[in-house]
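Residue strings, one per chain:
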Amino acid sequence: MSGKRSAEPGPGRVGKKGKKAVMAEFSDAVTEEALKKQVAETWSRRTPFSHEAIVVDVNPFLHCVIPNFIQSQDFLEGLQKELLNLDFHEKYNDLYKFQQSDDLKKRREPHIAALRKVLFEDFRAWLSDISNIDLESTIDMSCAKYEYTDALLCHDDELEGRRIAFILYLVPPWDMSLGGTLDLYSVDEHFQPKQIVKSLIPLWNTLVFFEVSPVSFHQVSEVLSEEKLRLSISGWFHGPSLARPPSYCEPLIPRSPHIPQDHEILYEWINPTYLDMDYQIQIQEEFEERSEILLKEFLKPEKFANVCAALEKGDVEWSSRGPPNKSLTSVALTNSSTLLLFRCYEKAEESKLPGVLKDCMDLLHSEALFLLLSNFTGLKLHFLAPSEEDEIEDGKEGEAASAAESTEEGTSHSSSELENNQATSSTTSQQSDGETDSEPEGNEAKKESSIPTCHGELRRWKTGHYTLIHDNSKPEFALDLLLYCGCEGWEPGYGGFTSYIAKGEDEELLTVNPENNSLALVYRDRETLKFVKYINHRSLEQKKTFPHRTGFWDFSFVYYE
């Protein structure tokens, strides 16, 4: 079939070797000259327009819907069969979970080839006329399958050259209760996605297209049907890129040094096993080998029970970390999409926490825990913890036996040692915070920059919550701490686990699954990123065993040397 032949109506015509060439045509109605002129004026003026053949809306951004896009139902059924026979690849990361075909620009199946022709020749010419955009002949299209719990979270589709995005749906009868809607977001004053203001239900033979712009934020909501398949063809028409507004970076999360708190708080809260110096040495050896460790039954049973009871009671005041308007940076989706990164979960108002929860937060902020974490990890999170330079000096100055003794004394401190150093610690903290001018200005700045600090929060996780990979500032070395509560019956298939990946890669380096009263410690270098996987509707199965549960909680802290 020659690519330059015009499409003709009907099921097909005889081509070379007596074979029928499959042809396709899109809706005659939208090509009618008067309607085409009205649509072009609507596009130019950014005003809404509604007709039985096409609907144009500008809220929250310019988008159009054409029902009955392809004229022949026989053609659509043939196309659907060809698509379902393609090889699909699972796409799975922080932002999405679905199956996608390879690029369709070179597929030779007759119905796929015919659709490609009608889209990127005939329809592209019509689209260029009504949008007044000089669209290129670049072909960019693929097929996607969304099944139960699949979703594609909020993104804007912006990438160099993309001007108009399109989706053609080939779905069975569908309604809002099945999920899988195309959700459109409004934006805030920083041009970041704010909230969903419109949801388009996928319908058979309906084409949706919209202008790709700095505000074209959208998502595919989670598919809630266990029986129905959401099948679609999507892609982009290319043309001159639009100018982007300056990137917005939200303010950095404040960090703080430790709270002066002696060793007694450890004996009050923590499983005595983890306070044994010999066991701390074993933990440090394992951590230094793997850069991560999971310490089970970390809190004393009675303390953990009290924390869980306080969380269950519901006296905590929660605020939303989101809605998804916390864009921090962007990365590529598959080979060619730009995504804004953000989060969606609930954070406890720390100043209003009930007593036992505030006490637990104080534990994680405490000087005693900073020192204990130093013992667990070998990181210099306390002035008593040895630095790498100290260890090198010890190795040079002492014999093997004395060096071993020095290392043991330096990495595991008894309660009396910590108690005897409280006054020194307090004085050192004051000096480090700039409360003395006894040192030259340059030395003081250097000293202040090395003060161990942390930030942390108590989080609540429920269906629909997640975080995405983000980089709010230059990458840093950091120690992540996660302490989980209310995870009985939680399955990895629900999501909610914390995943670590290497920068620029999709393959997971480490997955930390929620587990009751477990303390996870993970050391991140500058090339390691993390996210909490989207919690899908399967998580509601937890209610079968725990009727009052709607998710789980965690204490999430990050420590810096």
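Note that this is a predicted model, so its numbers are computed, not measured.

## Some words on the pattern of salt bridges
Using the criterion set out here, one finds 26 salt bridges in the structure. Across the pair E121 and K117 runs a salt bridge, and its minimum N-O distance is 3.5 Å. Here the residue E121 and the residue K117 both occupy positions in helix α4 (residues 110–131), the gap between them amounting to four residues, near one helical turn. Through salt bridges with shared partners, a single network forms among R46, R163 and E211.

## What about helix α6 (residues 277–290)?
Taking 1.5 Å of rise per residue, 14 residues should cover 20 Å, and α6 covers 20 Å from first to last C-alpha, within 8% of that figure. Turning to α6, its buried residues number three or more, namely Q280, I283, Q284 and F287. Looking down the long axis of α6, one finds its buried residues gathered within 100° of arc, a one-sided arrangement. Seen from the buried face of α6, the exposed residues on the opposite side, beyond 90 degrees, are E285 and E289. Where α6 begins, the capping side chain belongs to D276, and its oxygen is found 3.2 Å from the backbone nitrogen of D278. Within two residues after α6, S291 carries a phi angle of roughly 65°, on the positive side.

## Observations concerning the packing of aromatic side chains
Scanning the entire structure with this criterion turns up 25 aromatic pairs. Arranged with centres 6.3 Å apart and planes meeting at 20°, the rings of W43 and F209 form a pair that is stacked. Separated by 166 residues along the polypeptide, W43 in helix α2 (residues 33–45) and F209 in strand β13 (residues 206–211) bring together distant segments of the chain. This pair shows no difference in class: W43 is buried, exactly as F209 is. When the ring of F557 is compared with that of Y559, the centres are 6.0 Å apart and the planes differ by 25°; the resulting orientation is stacked. For F557, a relative accessible area of 1% gives the class buried. The structure contains a cluster of three or more aromatic residues connected by ring pairs, namely F26, W43, F69, F120, F123, W126, F166, F209 and F237.

Calculation rules
Residues numbered from 1 in each chain as written. Predicted model: local features only at pLDDT ≥ 70, side-chain atom pairs only at ≥ 80, totals over all residues. Heavy atoms only, no water. Salt bridge = Lys/Arg side-chain N within 4 Å of Asp/Glu carboxyl O. Helix = DSSP H or I, 4+ residues; strand = E, 2+ residues; numbered from the N terminus. Expected span 1.5 Å × (residues − 1). Buried < 20%, exposed > 50% of the residue type's maximum accessible area, 1.4 Å probe, protein only. Arc of directions from axis to C-beta. Polar contact = N/O pair within 3.5 Å; in protein donor to acceptor, adjacent residues only side chain to side chain. Phe/Tyr/Trp six-rings, centres within 6.5 Å; stacked < 30°, edge-to-face > 60°.

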